[in-house]
Amino acid sequence: MPIFSIGDTDFLLDDAPHRVLAGALHYFRVHPDLWADRIHKARLMGLNTIETYVPWNEHAPSKGEFLTTPQLDLGRFLDLVHAEGMHAIVRPGPYICAEWHDGGLPGWLVSDPSMTIRSSDPAYLDAIAGYLDAVYDIVRPRQIQHGGPVVLVQIENEYGAYGADKDYLRTLTAMTRERGIDVPLTTVDQPEDTMLQNGSLDELHRTGSFGSRASERLATLRQHQKTGPLMCSEFWCGWFDNWGGKHNTTSAEDSARELDALLSAGASVNVYMFHGGTNFGFTSGADDKGTYRPTITSYDYDAPLAEDGTPTEKYWRFREVIAKHASVPDERPAERVDAPVFDVPLDRAVSLWQTPVLDGVRFGHVPTAAELGSPRGYSHYSCRIEGGGLLAFGEVRDRAQVFLDGVALGTVSRDLHERMLPLPVGAVGTLTLLVEHMGGVNYGQRLGEVKGLIGPVTLDGVPLTEWTAGAVALEELDAVRTALDAAPPVAPGAPLCGPVFASGGFELERTADLFLDTSDWGKGVVWVNGFNLGRYWRRGPQRTLFVPAPVLRAGLNEIIVFETSGATSASARFVARPELGSTEQ
């Protein structure tokens, strides 16, 4: 069997110098029926390796389990990489950042106040042990020396930007080796002295994460990694977007020039991202460096391969650069295909308050979302009030719509640093709050913080303590469908007043990638055939939701929209593929 190792100056494949030309492709952000296509296109660009994180929170939504559903079948993904004749790099964290909800840490873990994450805390290490058992049972037989594709495994992730617990890193390393992982182990940090020093061990191979000034960054990396190959294991060729921000793009020419500088210096590389994919459902993360900034649904990342798998200008520029340093296949990816354009009436609608998704439990205090089971998506809170005044919160995480007997009074948003809302004089009735949990903070010291309402909640300075609260149950939609079926028809073109569920059906002769235009809608979530496409928001920059062809079927298809604020028209519009790199993506 082949042997992959680290030599004095190079990676070695069967003792011969080998350059790693990798691209990041997260299996959990791409529909599993499209994995093979994306992997194949990576090879056609000239890459020889696929890198992926492993999201602990998706595999283990409950303590003690490890899901390997089709979307989370890491073994199958690695087998497809191998079938394409490529190698693989696995980065299991347990913290991954990745602009992913809570940086990949499970809700049941981060909600435990007695546990110190990313440290030598015995309780945290005990939780990690079970996770690594499951991950490495998949990875171990797929290492290159056993006939599989895996050549490198990463320990932790950019730990130097978070902590300096060397015992924690040593324990992770020992746990990895004890579970039969024999390939070389790496770490990654930004090329700053403190980060490179704190984030690794001498027995691990240090790599860097950066997107520019390659010569300077490689020189800094070499000061800390004295021998062996230099590697930029996150070559940032684009960037992610936040709701309300601008759409980030990086010049294909500039990125190609930086890639050429890296390869000309003899370094190995992992293009982050080669193909970003999508934060389907409630999986996107958030930044909080003084202001909370949730990540959008698209993870296009201005990558060489766009969100829908279309090669971009950056793809072709990178292919030309790689061809200067390595062999590139003669085959080229297929040409772009136009997406169907059509409208779908949303002919049924029902108010959130008329659906059975709001079961709650009584509390004598304001519960956090952790006390409600750490639901993603939404939670709801209700209490009785006998007068108006200034409604004030300790904190709202992350957006609360306030209603009195079902009538909207206003919204309190964390990203706008809002914590108060005046209620009308003489307000009497049931005060209800629909709280949306946006992305879980994925980087820094607020990593894994709890969601929901953070008390106290006061009305004119008097604490409100008697609450009924719970999750908005959206994991299964059968109850919503039943309510929609019983609802009267919606007049064509009528507006939708949120919070409301609306549905419609559409026929397809054959399946194809679709693009759902959300410009006329306010804020909410969309499901197609029960598959959660993710969030939309009028704030942008994202204006369309990507619908992968495998989600669809020939014949009748279903769309359900949960519109929380209001839409100008009860209609769904599928549009042509947006221009690559545009703010419409």
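Everything discussed here concerns the structure shown above.
All residue numbers refer to positions counted from 1 along the written sequence of the respective chain. The predicted nature of this model means local features are confined to residues of pLDDT at least 70 and side-chain atom pairs, given and counted, to a pLDDT of 80 or more, with totals for whole chains, interfaces and linings taken over all residues. Excluded from the side-chain calculations are hydrogens and water; all other atoms, namely the structure's heavy atoms, are used.

Describe in detail the pairing of strand 12 (residues 285-288), supporting the description with residues and values.
Burial along strand 12 is two-sided: G285 and D287 facing one way and A286 and D288 facing the other are all buried. Should DSSP find at least two bridges between two strands, the strands are regarded as paired. Numbering of helices and strands runs from the N terminus; a helix is a DSSP stretch of H or I covering at least four residues, while a strand is a stretch of E covering at least two. Here strand 12 pairs with strand 23 (residues 440-441) via 2 bridges, running parallel. Note that in strand 23 the partner of G285 across the bridge is G440. Where strand 12 meets strand 13 (residues 292-294), 3 bridges bridge the pair, whose relative direction is antiparallel. Paired with D287 across the strands is R293, a residue of strand 13. What sits between strand 12 and strand 13 in their antiparallel hairpin is a turn of 3 residues, with G290 showing a positive phi close to 110°. Note on classification: 1.4 Å probe, protein chains only; a residue is buried when its accessible area is under 20% of the maximum for its type, exposed when over 50%, partly exposed between these limits.

Tell me what's going on with the pattern of salt bridges, and back it up with residues and numbers.
Should a side-chain nitrogen of Lys or Arg be within 4 Å of a carboxyl oxygen of Asp or Glu, the pair is scored as a salt bridge. Enumeration over the complete set of coordinates arrives at 36 salt bridges. In this structure, the salt-bridge partner of R414 is D288, at a minimum N-O distance of 3.0 Å. Of the two residues, R414 is situated in the loop between strand 20 (407-413) and strand 21 (420-423) and D288 in strand 12; the sequence distance between them amounts to 126 residues. As far as the burial class goes, R414 and D288 line up, both buried. The partner of K451 in a salt bridge is D398, with the nearest N and O atoms 2.6 Å apart. Taken together, the positions of K451 in the loop between strand 23 and strand 24 (452-459) and D398 in the loop between strand 18 (389-397) and strand 19 (399-404) put the pair 53 residues apart, joining distant regions of the chain. Summarising the burial analysis for this pair, K451 and D398 share the class buried. What you see here is one network of salt bridges that share partners, running through D288, E395, R397, D398, R414, R446, E449 and K451.

Could you give an account of the packing of helix 5 (residues 122-139) against helix 6 (residues 166-178), naming the residues involved and the relevant values?
Helix-helix packing is described using two parameters, namely the angle between the two axes and the distance between the axes. Axis definition: a line fit to C-alpha positions, over the contact stretch in the case of helices; interaxial angles, taken between N-to-C directions, run 0 to 180 degrees. Here helix 5 crosses helix 6 at 30°, and the two axes come no closer than 10 Å. For the pair helix 5 and helix 6, the crossing hand works out as right-handed. Mapping the contact onto sequence places Y124, L125, I128, A129, L132 and Y136 in helix 5 and Y168, T171, L172, M175 and T176 in helix 6. Class assignment for the residues of the contact of helix 5 with helix 6 results in 9 nonpolar, 2 polar and no charged. Should the near helix be turned anticlockwise from the far one by less than a right angle, the crossing is left-handed, and should it be turned clockwise, the crossing is right-handed. Here, residues are in contact when the closest pair of their heavy atoms is within 4.5 Å. Note that Gly is not counted as nonpolar here; it falls among the polar residues with everything else outside the nonpolar set of Ala, Val, Leu, Ile, Met, Phe, Trp, Tyr, Cys and Pro and the charged set of Asp, Glu, Lys and Arg.

Describe the packing of helix 9 (residues 252-264) against helix 10 (residues 313-325), and please don't skip the residues or the numbers.
Close contact between helix 9 and helix 10 brings their axes to 9 Å; oriented N to C, the two are set at 20°. When the axes of helix 9 and helix 10 are compared, the pair comes out roughly parallel. Crossing of helix 9 over helix 10 shows right-handed handedness. Taken together, the residues of helix 10 that come into contact with helix 9 (itself represented by A252, E253, S255, A256, L259, D260, L263 and S264) are E313, K314, R317, F318, V321, I322, K324 and H325. Partitioned by chemical class, the residues of the contact of helix 9 with helix 10 number 7 nonpolar, 3 polar and 6 charged. Put simply, angles under 35 degrees are roughly parallel, angles over 145 are roughly antiparallel, angles from 65 to 115 are roughly perpendicular, and the rest are oblique.

If you had to explain the sheet that holds strand 1 (residues 4-6) to someone new, which residues and values would you point to?
Sheet architecture is open: 3 strands sit in the order 1-2-3, paired in antiparallel fashion. Looking at strand neighbours, the two that pair on one side only are strand 1 and strand 3 (16-18), the edges of this open sheet. The sheet shows a mean angle of 40° between the axes of neighbouring strands, taken without regard to direction. Here strand 2 (residues 11-13) pairs with strand 3 via 3 bridges, running antiparallel. Across the sheet, L13 pairs through a bridge with A16, a residue of strand 3.

Hey, could you go over the sheet that holds strand 25 (residues 462-463) for me, with residue numbers and the actual values?
Spatial ordering of the open sheet is given by 21-18-24-25, a layout of 4 strands whose pairing is antiparallel. Only two strands of the sheet have a single neighbouring strand rather than two, namely strand 21 and strand 25. Looking at chain direction, strand 24 and strand 25 are connected through 2 bridges and run antiparallel. Its bridge partner lying in strand 25, T458 is registered against P463.

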